[in-house]
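Below are the chains, spelled out letter by letter.
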Amino acid sequence: MRIETVLNHCYRHKSFVYSDCRWGRIGGKKALIVDVVARKNGLTECSICGKVAPLYDCLDERRFDFVPLWNIPVYFQHWMRRVKCPEHGVRVERVPWADGKSHLTKPYVLFLSRWARKLSWKETAESFGTTWDNVYHSVKETVEYGLKNRNLEGVTAIGVDELQYGKGQQYLTLVYQIDAAARRLLFIGRERKAKTLLRFFRDFGRERCARLQFVCSDMWKAYVKVIAKKASNALHILDRFHIVQHLGKAIDKIRAEEVRSMASKGYYAEILKNTKYCFLKNEENLTEKQRMKLDDVLQYDLKSVRAYLLKESFQLFWAYTSPYWAEWYLQKWCARAMRSRLEPIKDFVGMIRRHQPLIMNWFKAKKAYSSGVVEGLNRKINLVTRKSYGFRSYEVLKIALFHTMGDLPEPEFTHKFC
Ligand SMILES: [Zn+2]
């Protein structure tokens with residue numbers, strides 16, 4: 001059987017045929033070269049509008065990367081033609097196996113981008129004897145297709161989150177869908193300003209905004225303001241995950257300061273050594289060693305210990321089912337925390353008091369859209385960005401995040417190459 005026959009089985013075209021398959025040498029490597037020619041009486045199309053247009057002239061041959069066969073690179077070779085489109089003038093013809101100026105065939109684009117979800121981009125390139133750039137362009141094309149063809153109907157709950165990335169204080173704004181049935185990344189914006197989030201709502205459209213029932217976010221001022229304005233029908237919830245994160249930061253600040261001041265006085269510093277995660281982790285997640293260390297350090301009358309105990313008692317707040325009693329407990333806790341004379345804790349209390357109504361919405365939403373979802377997505381995002389030393393810029397990171405978390409539709413082919 002000839003390879004052309006196999007190709008016709010996997011990937012057939014209306015106006016083109018595989019005319020020959022032979023050995024060649026490309027970039028010093030042995031490769032299979034498949035000639036693709038126009039069918040007799042086949043019509044030519046303009047690459048801009050896709051409409052049938054009369055043939056104008058013939059250009060040089062062009063090669064396109066196809067899915068490798070038995071680890072042998074495969075290329076399509078075609079003598080490109082030009083058409084004279086009544087609307088666009090003289091243009092290169094449209095070919096069904098590649099988009100625009102791309103030298104990668106569509107099945108190969110999908111092939112690489114699917115593997116790039118299982119392997120790193122570098123590993124994908126190495127596994128299939130191609131370049132990082134080709135993998136990047138494949139993922140990019142697939143993501144662009146997905147964003148153009150995704151369905152945004154039926155989104156009733158969203159989460160807004162910020163992400164620190166790169167060196168220094170660079171932030172991204174992320175919006176997820178957090179409906180129980182569908183969890184995915186919807187939007188990425190550079191920076192975390194009001195106008196960043198406004199762009200999401202503008203793209204999302206007024207009608208869809210009106211149908212939102214829940215919005216989850218951090219206490220970040222710009223977000224709170226924009227959400228109040230643009231999703232006024234929705235219940236705005238400040239979610240547990242972000243609140244606990246703020247408290248964690250306060251505790252870590254107290255601990256770090258205390259370590260410094262103890263060291264400068266020349267005593268005690270040993271006690272607080274390696275306690276950072278003892279204080280920050282939930283008790284059930286501590287390792288045996290951390291638990292012993294924590295038991296030991298709790299005996300001392302330290303600021304860090306007082307802060308830790310406040311954090312532990314704050315957890316009880318979330319266990320309430322009645323919003324009334326939850327609020328009673330929160331106020332009691334805040335009063336106690338204010339007496340602690342720990343500045344970072346007092347700042348935290350100020351923040352809680354300023355946002356109390358929105359925090360209480362968490363109980364109104366019957367805890368449905370709580371830490372679990374946002375925290376899970378946040379963790380996954382961090383996993384992608386941590387691998388991001390290969391992602392040289394914001395644009396690349398954005399594509400990588402949509403690729404792994406956007407749950408985007410893919411183009412379909414009759415044959416699945418992977
Ligand atoms: Zn045209």
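Structure: above.
Residues numbered from 1 in each chain as written. Predicted model: local features only at pLDDT ≥ 70, side-chain atom pairs only at ≥ 80, totals over all residues. Heavy atoms only, no water.

For the zinc ion, the full set of protein donor atoms is Cys46 (SG), Cys49 (SG), Cys85 (SG) and His88 (ND1), and the range of their distances to it is 2.1 to 2.4 Å. The coordination sphere of the zinc ion comprises four donor atoms, whose angles at the metal cover 102 to 115°; the geometry is tetrahedral. Here the donor residues for the zinc ion map to a single chain with the spacing C-x2-C-x35-C-x2-H. (Donors = N, O, S within 2.8 Å, 3.2 Å for Na, K, Ca; no water. Tetrahedral: all angles 85-135°; square planar, octahedral: opposite > 155°, others 65-115°.)

Right, let's get into the environment of Lys84. Take Lys84: it is sitting in strand β4 (residues 72–85). The exposure class assigned to Lys84 is partly exposed, which follows from its relative accessible area of 47%. It is 76 Å that separates the C-alpha atoms of Lys84 and Trp333, two residues lying 249 residues apart in sequence. Discounting chain neighbours no more than four positions away, the residues touching Lys84 are Ala53, Pro54, Tyr56, Gly89 and Val90. (Helix = DSSP H or I, 4+ residues; strand = E, 2+ residues; numbered from the N terminus. Buried < 20%, exposed > 50% of the residue type's maximum accessible area, 1.4 Å probe, protein only. Contact = heavy atoms within 4.5 Å.)

Of note, Tyr108 is situated in helix α2 (residues 106–118). The exposure class assigned to Tyr108 is buried, which follows from its relative accessible area of 3%. It is 50 Å that separates the C-alpha atoms of Tyr108 and Lys289, two residues lying 181 residues apart in sequence.

Another aspect to go through is the packing of aromatic side chains. Applying the stated criterion across every chain yields a total of 29 aromatic pairs. Judged by centre distance (5.7 Å) and plane angle (15°), the rings of Trp132 and Tyr136 are stacked. Highlighted residues: Trp132 and Tyr136, both in helix α4 (residues 132–149), separated by four residues, approximately one helical turn. The same class applies to Trp132 as to Tyr136, namely buried. These aromatic residues form a ring-pair network of at least three members: Tyr11, Phe16, Tyr18, Phe64, Phe66, Phe76, Trp97, Phe413 and Phe417. Seen from the ring of Trp23, Lys30 lies directly overhead, with NZ or CZ sitting 4.3 Å from the centre. (Phe/Tyr/Trp six-rings, centres within 6.5 Å; stacked < 30°, edge-to-face > 60°. Lys NZ or Arg CZ within 6 Å of the ring centre and 35° of its normal.)

The element β4 is largely enclosed, with a buried count of ten among its 14 residues. In terms of strand pairing, strand β2 (residues 29–38) meets β4 through four bridges, oriented parallel. If you follow Ile33 over to β4, its bridge partner there is Tyr75. In terms of strand pairing, strand β3 (residues 55–69) meets β4 through ten bridges, oriented antiparallel. Its bridge partner being in β4, Asp57 is matched across the sheet by Arg82. Connecting β3 to the next strand, β4, in antiparallel fashion are two residues, including Trp70 with a positive phi near 50°. (Pairing = 2+ DSSP bridges.)

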